[in-house]
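Residue strings, one per chain:
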Amino acid sequence: MENTARTELFRTLKYFTFATSAGIIEMLMFTLLDQFTPWTYWLSYLIALVVSVLWNFTLNREFTFKSNNHIPTAMMKVAAYYAIFTPVTTVLGNHLVENLSWNAYVVTLLNLLLNGVTEYLYQRLYVFGKSIDSKGKIPRHKLDASSSISP
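Residues numbered from 1 in each chain as written. Predicted model: local features only at pLDDT ≥ 70, side-chain atom pairs only at ≥ 80, totals over all residues. Heavy atoms only, no water.

*Asks:* Quick rundown of the packing of helix H1 (residues 3-36) against helix H4 (residues 104-127)? Include the residues and the values.
*Replies:* Where H1 contacts H4, the two axes come as close as 10 Å, and the packing angle between them is 145 degrees. For the element pair H1 and H4, the recorded crossing hand is right-handed. Each of Glu 8, Arg 11, Thr 12, Tyr 15, Phe 16, Gly 23, Glu 26, Met 27, Phe 30, Thr 31, Asp 34 and Gln 35 in H1 lies in contact with H4, whose residues at this interface are Ala 104, Tyr 105, Thr 108, Leu 112, Gly 116, Val 117, Glu 119, Tyr 120, Gln 123 and Arg 124. Here the residues of the contact of H1 with H4 sort into nine nonpolar, seven polar and six charged. (Axes fitted to C-alpha atoms, helices over the stretch in contact; angles between N-to-C directions. Helix = DSSP H or I, 4+ residues; strand = E, 2+ residues; numbered from the N terminus. Left-handed = near helix turned anticlockwise from the far one by under 90°. Contact = heavy atoms within 4.5 Å. Nonpolar A, V, L, I, M, F, W, Y, C, P; charged D, E, K, R; others polar.)

Below, the structure is given as structure tokens:
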């Protein structure tokens, strides 16, 4: 197997390992909220999703994509993804659970699977695409600024 293909395979496996841990956290949080609060599906799902997103972003930025990109910029890009994903899955999930009587845990698991695949592609290609494996290197904008300074 070619070195870049092996690197990408390992990167993908790391991403889904961390995403699985985020999924476990989301399911645990959802279960706690579902069992111990009177809240509706959508509120429990939304809180659990936010907690898992923060966990997943932090680990994957640091260890999977090894990116030194600007954290607020990267977070805004992730927020843009979730500005679409969250309302769609919250409304659809709530409809499936509350109106069609689907099992809340099955709906949450389906959302986790959909989220895992689509967010990996989004982060790999857009959020961290140009900054992958840049951790520990001098950011390009700092190199450009320093090159204009005369010795």
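From this point, the narrative continues.
*Asks:* Lay out the environment of Thr 20 with the relevant residues and their values.
*Replies:* Looking at where Thr 20 falls in the secondary structure, it is placed in helix H1. With a relative accessible area of 47%, Thr 20 lands in the partly exposed category. Between the C-alpha atoms of Thr 20 and Ser 52, which are 32 residues apart in sequence, the distance is 9.9 Å. (Buried < 20%, exposed > 50% of the residue type's maximum accessible area, 1.4 Å probe, protein only.)

*Asks:* Residues and numbers for the nonpolar core, please.
*Replies:* Counting 23 residues, the largest nonpolar core has Phe 30, Tyr 41, Tyr 45, Phe 65, Val 78, Tyr 82 and Phe 128 as its most contacted members. The greatest single-element share of this core, amounting to seven residues, is contributed by helix H3 (residues 71-99). Non-local contacts of Phe 128, meaning those with residues more than four positions away in its chain, are made with Phe 57, Arg 61, Phe 65, Ser 67, Asn 69, Ala 74 and Gln 123. (Core = buried A, V, L, I, M, F, W, Y, C linked by side-chain atoms within 4.5 Å.)

*Asks:* Outline the side chain of Ser 52, listing residues and values.
*Replies:* Summarising the element assignment, Ser 52 is placed in helix H2 (residues 41-64). We classify Ser 52 as buried; its relative accessible area is 4%. With residues near it in sequence (within four places) discarded, Ser 52 still touches Ala 22 and Glu 26.

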